[in-house]
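Coordinate analysis (summary)
Listed below, chain by chain, are the residues.
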Amino acid sequence: MRIAAIDIGTNSVHMIVVRVRPDLSFEVIDREKAMVRLGAGGLDGKELTSEAMGAALQALSKFKRLAESHTVDKILAAATSATREARNGGEFLARIEAETGIRPKVITGAEEARLIHLAAVYGVDVGSARAVVIDIGGGSTEITLGTGTSVQAAKSFKIGVIRLTERFVKSDPLSGRDEQKLTKHILSEIDRHCEQITNTGFDRVIGTSGTILSIGTVATAMSDGGIPSELRNLRVGAQQIRRLRKEVVALSLAQRLTIPGLDPRRADLVVAGGVLLDTILRRLGAEDITLCDLALREGLVIDYIRPNRKHI
């Protein structure tokens, strides 16, 4: 069986095409991604812009053609915070179905967190250990606690990098005062949830999403002098993340564009991303974070396979 899974996110739209093996594991046979900034200017109940919707629809039309070229049996699609919050989110979903035939499901923040956790513990074998999974998106950030078989706590926070950048990054480089405001806001959101996690205890922290993978790549390049070739299971020290935060906060956008290993399309968001990840790790008291390149789209696949074993 072949499945296409699409994540219609606030910053990027992703698709993977997988082949499900007889033992119900799966392999990715194709993938596609478009950074469309769907949520730019459209969060907190505002409207998605016609430009952002147009870019997303163009990407999704391309994804549909690619999925059909692989003769997939099923297309799974989930829309997250940008669509969830927008005043015209329903109109956007109707356009997706009318123009591409794809029928996305809008998922809650808690469901998004659960699916991300499923993918992270599939990609990084945690066994019976307790793992915290962090996923930083454009509109929201998910933090979960669980094992390889269960999720004990899953929560989504409205502190994604696009949302934080639009609200707090008012100067270039970021002023000390704005950095303090940003940090204070993040802590006010995550404090109680992180306290519950630290009281319960955990063995490791796993980070998913483009933002965390990008930060991990740059932090490793800063420390080791070279860009890592493999990201999955790469451990990055909390001190390396702290150093990256200090570095990017002090640089202007033009200077950040020259940072080795940093995708230029993330240069404006890496300031909020660096502050956010560092603040979460410090609040958890984590020593390091293990990178994982599996996230929501893989979670959709795993979640579909489990109840459909007989059919598959």
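First, a word on what this report is: a plain description of the structure on this page. (Residues numbered from 1 in each chain as written. Predicted model: local features only at pLDDT ≥ 70, side-chain atom pairs only at ≥ 80, totals over all residues. Heavy atoms only, no water.)

**Regarding the nonpolar core**
- With 76 residues, the main nonpolar core has Ile6, Ile8, Leu38, Phe92, Ile134 and Leu277 as its most contacted residues.
- Among all residues touching Ile6, those that are not within four sequence positions of it are Val13, His14, Met15, Leu60, Phe63, Ile75, Leu76, Ala77, Ala78, Ile102 and Leu300.
- Of all hydrophobic cores here, the second largest spans 28 residues; its members include Val124, Ala131, Val133 and Leu294. (Core = buried A, V, L, I, M, F, W, Y, C linked by side-chain atoms within 4.5 Å. Buried < 20%, exposed > 50% of the residue type's maximum accessible area, 1.4 Å probe, protein only. Contact = heavy atoms within 4.5 Å.)

**A few points about the packing of aromatic side chains**
- Scanning all chains against the criterion turns up one aromatic pair.
- A ring pair is formed by Phe26 and Tyr122, whose centres lie 4.9 Å apart and whose planes are at 5°; its orientation type is stacked. Taken together, the residues span a long stretch of sequence, with Phe26 in strand 3 (residues 26–35) and Tyr122 in helix 4 (residues 109–123) at a distance of 96 residues.
- Of the residues examined, Phe26 reaches a relative accessible area of 7% and is grouped as buried. (Phe/Tyr/Trp six-rings, centres within 6.5 Å; stacked < 30°, edge-to-face > 60°. Helix = DSSP H or I, 4+ residues; strand = E, 2+ residues; numbered from the N terminus.)

**What about the sheet that holds strand 9 (residues 204–208)?**
- An order of 8-7-6-9-11-10 is seen for the six strands of this open sheet, with the pairing classed as mixed. If you trace the sheet from one side to the other, it starts and ends with strand 8 (151–157) and strand 10 (235–237), each paired once. Each neighbouring strand pair of the sheet contributes to a mean axis angle of 25°, computed without reference to strand direction.
- Strand direction decides the pairing type here: strand 6 (residues 131–136) and strand 9, joined by five bridges, are parallel. The residue bridging Ile134 from the neighbouring strand is Gly207, located in strand 9.
- Against the sheet, helix 6 (residues 176–200) touches strand 6, strand 7 (141–146) and strand 8, its axis set at about 165° to strand 8. (Pairing = 2+ DSSP bridges. Axes fitted to C-alpha atoms, helices over the stretch in contact; angles between N-to-C directions.)

**Let's talk about the pattern of salt bridges**
- Counted under the stated rule, the structure contains 20 salt bridges.
- Of the charged contacts in the structure, one is a salt bridge between Glu27 and Arg19, with a shortest N-O distance of 2.4 Å.
- Using a relative accessible area of 25% as the deciding quantity, one classes Glu27 as partly exposed.
- Judged by relative accessible area, Arg19 falls into the partly exposed class, the value being 30%.
- One salt bridge connects Lys62 with Glu32, and the closest N-O pair in it is separated by 3.7 Å. (Salt bridge = Lys/Arg side-chain N within 4 Å of Asp/Glu carboxyl O.)

**What about helix 10 (residues 270–284)?**
- Under the 1.5 Å per step criterion, the end-to-end length of helix 10 is 21 Å for 15 residues, consistent within 8% with the ideal 21 Å.
- With 13 of 15 residues buried, helix 10 lies mostly within the body of the structure.
- Of the residues one or two after helix 10, Gly285 is the one with positive phi, at around 70°. (Expected span 1.5 Å × (residues − 1).)

**Details of helix 6**
- Relative to the 36 Å expected for 25 residues at 1.5 Å per residue, helix 6 spans 34 Å between its end C-alpha atoms, a close match to the ideal helical length.
- For helix 6, the elements touching its buried residues are strand 6, strand 7, strand 8, helix 5 (161–168), helix 8 (238–250) and helix 10.

**So, the environment of Ala250**
- Summarising the element assignment, Ala250 is placed in helix 8.
- Between the C-alpha atom of Ala250 and that of Leu174, which follows or precedes it by 76 residues, the distance is 7.0 Å.
- Apart from the residues lying within four places of it in its own chain, the contact partners of Ala250 are Pro173 and Gln255.

**Some points on the pairing of strand 4 (residues 74–79)**
- Two strands pair when backbone bridges link them, and strand 1 (residues 2–8) and strand 4 are joined in this way by six bridges, in the parallel orientation. The residue bridging Ile3 from the neighbouring strand is Lys74, located in strand 4.

**A look at the pairing of strand 9**
- A large share of strand 9 lies buried, amounting to five of its five residues.
- Here strand 9 shows no split at all, with Arg204, Ile206 and Thr208 on one side and Val205 and Gly207 on the other all buried.
- In the sheet, strand 9 pairs with strand 11 (residues 288–291) via two bridges, with the strands oriented parallel. Opposite Ile206, over in strand 11, you have Thr290 as the bridge partner.

Function cannot be read off these values alone, since they describe shape.
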